[in-house]
Amino acid sequence: MTAKLSAPPSKADSTVDYSQKWWVLLSVAMGIFLSTIDGSIVNVSLPTLEAVFDTSFATVQWVVVSYLLVITSLMLGVARLADMIGKRRIYLSGMVVFTIGSLLCGIAPTVGFLIGFRAFQGLGAVMMQALGMAIVTEAFPPTERGRALGISGTIVSLGISIGPTIGGLLIGTVGWRWIFLVNLPVGIVGFWLARRYVPDWRPPGGQRFDGIGAVLLFVTLVCMAIGLTFGPTRGWGSPEITTLLIGALAGFLVFLVVESRLREPMVDLRLFRDSLFSISLLTGFLVFVVFAGLFVMPFYLERVMGYDPQHVGLFLVTVPVALGVTAPVAGALSDRYGSRGISLLGLVIVVGACLSVASLETDTTAAGYVVRLLPLGLGAGLFQSPNNSAIMGSAPRERLGMASGLLSLSRTMGQVTGLPLMGAMFASRVLSLADLPPGVDASEGPPWAIVEGIAFAFGTAAFVIAVAVVLAAIAFRINRRRAYLARANVEAK
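Residues numbered from 1 in each chain as written. Predicted model: local features only at pLDDT ≥ 70, side-chain atom pairs only at ≥ 80, totals over all residues. Heavy atoms only, no water.

### Topic: the overall build of the protein chain
So, point 1. From N to C terminus, the protein chain includes 20 helices and zero strands.
So, point 2. For a compact globule of 493 residues, the expected C-alpha radius of gyration is about 23 Å, and the protein chain comes in at 22 Å, within 12% of that figure.
So, point 3. Overall size of the protein chain, expressed as C-alpha extent along the three principal axes, is 70 × 50 × 45 Å.
So, point 4. Burial analysis of the protein chain (493 residues in total) assigns 52% to the buried set.
So, point 5. Counting contacts in the protein chain only where the partners sit at least 6 residues apart, residues at least 24 apart contribute 83% of the total.
So, point 6. Just so you have it, the protein chain exposes about 21,400 Å², and 67% of that area is on carbon and sulfur atoms.
So, point 7. Averaged over its 34 positive side-chain charges, the protein chain has a centre that lies 13 Å from the centre of its 26 negative ones. (Helix = DSSP H or I, 4+ residues; strand = E, 2+ residues; numbered from the N terminus. Rg over C-alpha atoms; globule rule 2.2 N^0.38 Å. Buried < 20%, exposed > 50% of the residue type's maximum accessible area, 1.4 Å probe, protein only. Contact = heavy atoms within 4.5 Å. Areas by Shrake-Rupley, 256 points an atom, 1.4 Å probe, with all protein chains shown as cover. Lys, Arg positive; Asp, Glu negative; His and termini not counted. Charge placed at Lys NZ, Arg CZ, Asp CG, Glu CD.)

### Observations concerning the packing of aromatic side chains
So, point 1. Scanning the model with the defined rule gives nine aromatic pairs in all.
So, point 2. Measuring from centroid to centroid gives 4.8 Å for Y307 and F315, while their planes differ by 50°, and the two rings are tilted.
So, point 3. Assessed through its relative accessible area of 26%, Y307 is described here as partly exposed.
So, point 4. Using a relative accessible area of 13% as the deciding quantity, one classes F315 as buried.
So, point 5. Of the aromatic side chains, those joined through ring pairs into one cluster are Y300, Y307, F315 and Y369.
So, point 6. We note R118 situated over the ring of Y67; from NZ or CZ to the ring centre the distance is 4.1 Å. (Phe/Tyr/Trp six-rings, centres within 6.5 Å; stacked < 30°, edge-to-face > 60°. Lys NZ or Arg CZ within 6 Å of the ring centre and 35° of its normal.)

### A closer look at helix α10 (residues 183-197)
So, point 1. Between its terminal C-alpha atoms α10 stretches 21 Å, which fits the 21 Å expected from 15 residues at 1.5 Å a residue.
So, point 2. What α10 keeps buried is the set N183, G187, G190, L193, A194 and Y197. Projection of α10 onto a plane perpendicular to its axis shows the buried side chains occupying an angular sector of 135°, all on one side. Seen from the buried face of α10, the exposed residues on the opposite side, beyond 90 degrees, are I188, R195 and R196.
So, point 3. The inward-facing, buried residues of α10 abut α2 (21-37), α6 (87-106), α7 (111-139) and α9 (178-181). (Expected span 1.5 Å × (residues − 1). Arc of directions from axis to C-beta.)

### A look at a nonpolar patch on the surface
So, point 1. Among the surface-exposed residues, L81, I85 and F209 lie close enough to one another that they form a single nonpolar patch of about 220 Å² accessible area.
So, point 2. Tracing the sequence through the fold places I85 in helix α5 (residues 62-85).
So, point 3. I85 sits in the partly exposed class, given a relative accessible area of 32%. (Patch = residues over 30% accessible without salt bridge, like charges linked within 9 Å, V, L, I, M, F, W, Y side chains within 5 Å. Salt bridge = Lys/Arg side-chain N within 4 Å of Asp/Glu carboxyl O.)

### Things to note about the pattern of salt bridges
A side chain of one charge can pair with a side chain of the opposite charge when the charged atoms of the two come close.
So, point 1. All chains considered together, the criterion is met by three salt bridges.
So, point 2. Measuring nitrogen to oxygen at the nearest pair gives 2.7 Å for the salt bridge that ties K21 to E144. Remark: E144 occurs in the loop between α7 and α8 (145-173) and K21 occurs in helix α2; sequence separation between them is 123 residues. Here K21 matches E144 in class, with each residue buried.
So, point 3. Of the charged contacts, one joins E138 and K87 as a salt bridge, the two residues approaching to 3.3 Å between their closest N and O atoms. One end of the pair, E138, is in helix α7; the other, K87, is in helix α6, and 51 residues separate them in sequence.

### Quick word on helix α13 (residues 275-291)
So, point 1. Its 17 residues place the ends of α13 24 Å apart at the C-alpha level, agreeing with the 24 Å of an ideal helix rising 1.5 Å per residue.
So, point 2. Counting buried positions along α13 yields 14 of 17 residues, so the element is predominantly enclosed.
So, point 3. Measuring from the side-chain oxygen of the N-cap residue of α13 to the backbone nitrogen of L276 gives 3.1 Å; that N-cap residue is D274. (Polar contact = N/O pair within 3.5 Å; in protein donor to acceptor, adjacent residues only side chain to side chain.)

### Considering the packing of helix α17 (residues 340-357) against helix α18 (residues 366-393)
The geometry of a pair of packed helices is captured by two quantities: the angle between their axes and the separation between those axes.
So, point 1. Direction vectors running N to C along α17 and α18 enclose 155°, while the axes themselves pass 7 Å from each other. Relative to α18, α17 is oriented roughly antiparallel. As for the relative orientation of α17 and α18, their crossing is left-handed in sense. Contacts from R340, I342, S343, L345, G346, L347, I349, V350, A353, C354, S356 and V357 in α17 reach R372, L373, P375, L376, G379, A380, L382, F383, P386, N387 and A390 in α18.
So, point 2. A class-by-class count of the residues in the contact of α17 with α18 yields 16 nonpolar, five polar and two charged. (Axes fitted to C-alpha atoms, helices over the stretch in contact; angles between N-to-C directions. Parallel < 35°, antiparallel > 145°, perpendicular 65-115°, else oblique. Left-handed = near helix turned anticlockwise from the far one by under 90°. Nonpolar A, V, L, I, M, F, W, Y, C, P; charged D, E, K, R; others polar.)

### With respect to unusual backbone geometry
So, point 1. For D54, which is not glycine, the phi torsion reads 50° and is therefore positive.
So, point 2. You can see D54 is positioned in the loop between α3 (46-52) and α4 (57-60).

### A closer look at the environment of T243
So, point 1. With respect to the helices and strands, T243 occurs in helix α12 (residues 239-261).
So, point 2. Sequence separation of T243 and A424 is 181 residues, and the distance between their C-alpha atoms is 20 Å.

### Thoughts on the side chain of T99
So, point 1. Considering the arrangement of structural elements, one finds T99 in helix α6.
So, point 2. Judged by relative accessible area, T99 falls into the buried class, the value being 13%.
So, point 3. Apart from residues no more than four positions distant in its own chain, T99 is found in contact with L184, G187 and I188.

### Observations concerning the confidence of the model for the protein chain
So, point 1. Model confidence for the protein chain is summarised by a mean pLDDT of 82, while 91% of its residues fall at 70 or above.
So, point 2. Confidence scores differ between elements of the protein chain, with helix α1 (residues 11-14) showing the lowest mean pLDDT of 42 and α17 the highest of 93.
So, point 3. Across residues 1-14, where pLDDT falls below 50, the model places 21 contacts with residues more than four positions away in sequence or in other chains. (pLDDT = per-residue confidence, 0-100.)

### What about the packing of α6 against α7?
So, point 1. Between α6 and α7, whose axes approach to 7 Å, the crossing angle comes to 150°. Here α7 runs roughly antiparallel to α6, going by the angle between their axes. The element α6 and its partner α7 pack so that their crossing is left-handed.
So, point 2. Class assignment for the residues of the contact of α6 with α7 results in 18 nonpolar, six polar and three charged.

### Section: the environment of S339
So, point 1. Tracing the chain through its elements places S339 in the loop between α16 (318-337) and α17.
So, point 2. Residues S339 and A455, spaced 116 residues apart in sequence, show a C-alpha to C-alpha distance of 31 Å.
So, point 3. If we skip the residues at most four places from it in the chain, S339 touches S334, P386 and A390.

### Side note on the environment of R80
So, point 1. The residue R80 is located in helix α5 in this model.
So, point 2. R80 gets classed as buried once you look at its relative accessible area, which sits at 3%.
So, point 3. Spatially, the C-alpha atom of R80 lies 8.1 Å from that of R399, the residues being 319 residues apart in sequence.

Below is the structure:
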């Protein structure tokens, strides 16, 4: 028996002004692009930062980790706050904090300052990421929601995917500081647009913020993110990693108990009573776990196919370009025909695409590579937009911020989880087949072993997405049954 959380329509719902919807989408897209691209653009600069600041890689990697930790740990807290006081003020504050943080990062005198400024920048990023989808959902009528969220999803995917390429170009031409300073004009224009066009809809007052739940969730997510991030290098059996992961599990269980007893909880667990909402979040998480495995492709392109970094960058845009082209079309189709069937079809294509990637060989041609990777972007594009629309469409207006935060968190946690898991499968297969001594990087393995490592990782990924297909098929059936019962009730009246 499923229950759908709903709320009666308010006066605001019947007087929504959709005339500025495309301006709202443009202003939100700028913020989403900035906050997502900065999660990946810095990765390519780590060797440069290590040399410039004369520090260790263990220290400089915190330039990336501090940013992701702030986003991951504060996502749902920001979302809940937005449902209490309104999304516009928090989103605008995020744009200001992010832009100032970018300036501070660009002029950081030491690596310590840079790490701190990146955490500050992450605070602005989480305010934009957590609320972008919710603002877009409010700005568009339900009949156009899928297309709008499809465009937003494309912006997210492009930001994540092209960050390393843009970062490499900036470092090679104008220096590492410009990977941060380039954000300033975009941030200023985005703030002006958002201030002018994003509506200031505010929920009823009198709500209380769940401080205990916020602290529990913060500790839980920090422990999980740090444990998953450093598990591959420190060893999954090391005492500190084991403690962090056990602490994350214990914190999560305590959080659930506390939230179930509060009148105004940090996360409204009633949202998860809707099986369609829960399934959509879970399938989205699984897709991003698999997508994180694409980080092994540069090793294949360089070490096996023998391409230089410039050509590698061109090959790596195959998936994001296919996704970017497909996502808006899938969103528009979901507005017309419904989201469940289209997202299910997308997942089926992703399963085939994973098996196709697993068939890469040492003598695969450039065309063969593109043909194998292209379906991955096409399938993900078909899945992502309708799935996002289904998640946001199932939440009542006063919980749109929370739904948007959960959607963004599922993406972030999918990446944080997928990188070490897919990397571990790839590395373990390469090391065992090539019989390499301890301490050798898997990327240094022979070409045939790298190919076998990719085959193992993406073969397993196909199984993971097959589970998502089963879940999506169940959701499709539940949705059809609900639609049938709704029509029957209308006819009975």
